[in-house]
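Topology and contacts: notes
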2 protein chains.
Amino acid sequence: MPRPIPNRGRGAKARGIEESNEPVESVVEILDCAAQCFMEMGFQGTSIDDVARRLGATKGRIYYYYSSKANLFFDVHREGMDRLMKAVKAAMKSNHCGTGKLLAMVEAHALTMMQNIAYESVVVQGVQMHRLGATTPEQRRILDELMAVRKQFEELFVDVLRQGQEDGNLAIRDLSLCAKGILGAVNWMAVWYRPRADDSAEVQKKMAREIAYQQVYGLLRDVSDQVEAYPECRR
Amino acid sequence: MPRPIPNRGRGAKARGIEESNEPVESVVEILDCAAQCFMEMGFQGTSIDDVARRLGATKGRIYYYYSSKANLFFDVHREGMDRLMKAVKAAMKSNHCGTGKLLAMVEAHALTMMQNIAYESVVVQGVQMHRLGATTPEQRRILDELMAVRKQFEELFVDVLRQGQEDGNLAIRDLSLCAKGILGAVNWMAVWYRPRADDSAEVQKKMAREIAYQQVYGLLRDVSDQVEAYPECRR
DNA sequence: TTTACAACATACTGAGTAGTATTTTATTGT
DNA sequence: ACAATAAAATACTACTCAGTATGTTGTAAA
C-alpha cells in the first residue's frame, strides 16, 4: 500500500530521522476512526466524510494517506488480521498438550475479537466481501492477498485439528468443515458482541474460555452418562 | 407491508377470486432475484436496477409491488426467517429425547441454511444490519419487528438448552452465550457455503448433521480417555 | 368495440458521495 | 526574513442510484 511516511515540515527527513515501518500517530487515528465507522455502518454505508467527521477533520487528511476508500478498508483489515495472527500464533506456541493447544487458540481468537471488536468486525466484513464482486482489478488483487492470509489463519486451526485427529484424540471427519464451525462460532462474535461498561478483562477472558470449551468439548456434562441415556445419539 | 394483490385486468377480482395471502408468481420471482442479488452483492451493493436486470425487467415492475428497496429486503428477510422457523419448530416437535431434540434443531437449521442459501444470507445480513443505523423510523420499526422474530428463534434454542441444563444433561453456564456460539457456527455457513454441483440432498444432510454433532458433542473421540490424558482441560 | 384497470416500461430528478484540483497553514532549515 | 515542504482544508466535478411521474399495453367485463 503506497502509504507516505509523514513528517513535519522538511525537518524530519533532513534531520535524518529514518523511515519507520510503524505507522505514525496520524495514520493510527485514521485507522481507529475508520474501523469504528466500518463497524457501525459497514463498508458501503460509510462515507469518507463520515470517517473525517469522526476524526474532527475533512477528507483531505484521509486522502493524503490513502488513495481510496477501499485501500483504507484494506489497511484496517490488515491490522485486524495481524492482531489475530499474533494472538493465535502465541497460543500455538504455548506448551499445552494437543487438545489444550486447540483450546488456547480458540480462546485467544475469541479474546482478540472482543478486545479489538472494531478492527475484527472489519476483518469479518472482508471475509464476506470476498464473495462479493470487488470492483476494480487492483482491489481484487489486494483482497485476494488478504484472503490468502486469512486462509493461512484458518490453516493454523486445521493443522492442529489434524494433529489431534492423528493422535487419536479428536473425532473429526471433515477437517475443513470442522474448522469452519469453530471459526464461525467465534467470528459471529463480531455481530453480537459490543463491550459493556462492566466488561473487565477478566469477564472477557471468561467468556472467551467458555466459548472455547464449548467448541472443543461440546455441551455434555458427562458423556459416559449421556451415551447410556441417549445411545442413538452417539456416532 | 403494503403489497397489492396483483390481478389480470379487472377480471380476477370481478370473477370473485378471493384474495390469497400467498404471494403471486410475479412477486415470488422478484423475491428470488432480490435474494440472489443481495447474497452476491449485499444490500447496499445491490441497486434496484440490478434486481430488475436479473429479472429481465425494469424498475417499474419492482416499485409496483414494493415502495422501497428496504421493504423489498425486509420481505426477503421475512421469507427466509419463516423457512427457518418452520424447519426448526418441526424439529422441535420430533420425539427425540432432550439432547436429541437439540441435535435435530441444529441440524434442521443448518440444512435450511444450505437449501435456501440466498434467502438465509439475507437473514444473516439483516441481523448484522440491526446493529447498523437503519435510516428512517419506518425502516427501524420493521427491522425491530423482524429482530423480535429473530429473538423468538434464538429463544427456541435457549429453551431447549435450559431444559437440558435442568435435566442435568448439559453443562452450560451462560445459556445465551452458548446459544450464540451454536447459532454463530451455523449462521457462518451463509458466508462460506455455496451449493456445489455435486451437493445432493444427502450430502447436505450429512454436512448439517456433522455440524450439529460437533456443536453438541464437541470434538473429543472419547472423553474418558481425554480427561486422563489432559486433566487440566476438564472443567 | 369500448372502457377500465392491472401491470408493467420509460424518462426524469435530486441527493449523496468518491475522488481530484487547488489553496492554506504550520514548521523547519538557511 | 525567507524559501521549501509536509499536512492538511476547501472547492469542485462526475457519476451513481433511489424514488417518482408519466406513458404504454394487454386483458377482461360490459
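Please read all numbers here as calculations on a predicted model, not as lab measurements. Each chain has its residues counted from 1, following the order in which its sequence is written. Both sets of labels track the order of writing: A upward for chains, 1 upward for ligands. Where totals are concerned, whole chains, interfaces and linings use all residues; where local detail is concerned, this predicted model gives features only for residues with pLDDT of at least 70, and gives and counts side-chain atom pairs only at 80 or more.

To continue, consider the packing of helix H2 (residues 25-41) of chain B against helix H5 (residues 69-92) of chain B. Residues and elements named next belong to chain B. Between N-to-C directions, angles span 0 to 180 degrees; the directions come from axes that are lines fitted to C-alpha atoms, helices contributing only their stretch in contact. Strands here mean DSSP runs of E at least two residues long; helices mean DSSP runs of H or I at least four residues long; both are numbered from the N terminus. One can describe the packing of H2 onto H5 by two numbers: an axis separation of 10 Å at closest approach and a directional angle of 95°. Taken together, the axes of H2 and H5 are roughly perpendicular relative to one another. Taken together, the residues of H5 that come into contact with H2 (itself represented by Leu31, Ala34, Ala35 and Phe38) are Leu72, Phe73, Asp75, Val76 and Glu79. The class makeup of the residues in the contact of H2 with H5 is 7 nonpolar, no polar and 2 charged. Roughly parallel refers to an angle under 35 degrees, roughly antiparallel to one over 145, roughly perpendicular to one between 65 and 115, and oblique to any angle outside these ranges. Two residues qualify as being in contact provided that their C-beta atoms, derived from the backbone, are within 7 Å of each other. For this classification, Asp, Glu, Lys and Arg are treated as charged, while Ala, Val, Leu, Ile, Met, Phe, Trp, Tyr, Cys and Pro are nonpolar and the rest, including Gly, are polar.

A general tendency of soluble globular proteins is for nonpolar side chains to be buried together. The nonpolar core criterion groups buried Ala, Val, Leu, Ile, Met, Phe, Trp, Tyr and Cys residues into a set whenever they are joined through C-beta atoms within 7 Å. Partly exposed residues are those whose C-beta has more than 12 but fewer than 20 other C-beta atoms within 10 Å; 20 or more makes a residue buried and 12 or fewer makes it exposed, with C-beta atoms placed from the backbone. Core analysis: the largest hydrophobic core is formed by 129 residues, its most contacted members being Ala34(A), Val106(A), Ala110(A), Ala34(B), Val106(B) and Ala110(B). In this view, Ala110(B) contacts Val186(B), Met189(B), Ala208(B), Ile211(B) and Ala212(B); residues no more than four positions away in its chain are not counted.

Another point: the relation of the copies chain A and chain B. The least-squares superposition of copies is restricted to C-alpha atoms, and to residues with a pLDDT of at least 70 in both copies. The two copies are related by a screw operation: chain A maps onto chain B through 180° of rotation and 0.0 Å of translation along the axis, at an RMSD of 0.0 Å. The transformation just described matches what one would write down for a two-fold rotation axis. Interface residue correspondence from chain A to chain B reaches 100%, placing this contact among same-surface, isologous pairings.

Between chain A and chain B, the residue contacts involve 49 residues of the former and 49 residues of the latter. Of all the secondary-structure elements, those providing two or more residues to the side of chain A that touches chain B are helix H2 (25-41), helix H6 (98-115), helix H7 (117-131), helix H9 (175-187), helix H10 (189-192), helix H11 (201-217) and helix H12 (223-229) of chain A. Per-element tally for the side of chain A that touches chain B: the top contributor is H11(A), with 8 residues. Of the residues in the side of chain A that touches chain B, the class split is 24 nonpolar, 17 polar and 8 charged.

Residues and elements named next belong to chain A. Per residue, pLDDT measures the predictor's confidence, with a range of 0 to 100. Of the residues in chain A, 84% have a pLDDT of 70 or more, and the chain-wide mean is 86. Confidence drops under a pLDDT of 50 for residues 1-20, and excluding neighbours within four residues, the segment shows 11 contacts in the predicted structure. Taken together, the stretch residues 223-235 has pLDDT below 50 and engages in 14 contacts with residues farther than four places along the chain or on a different chain.

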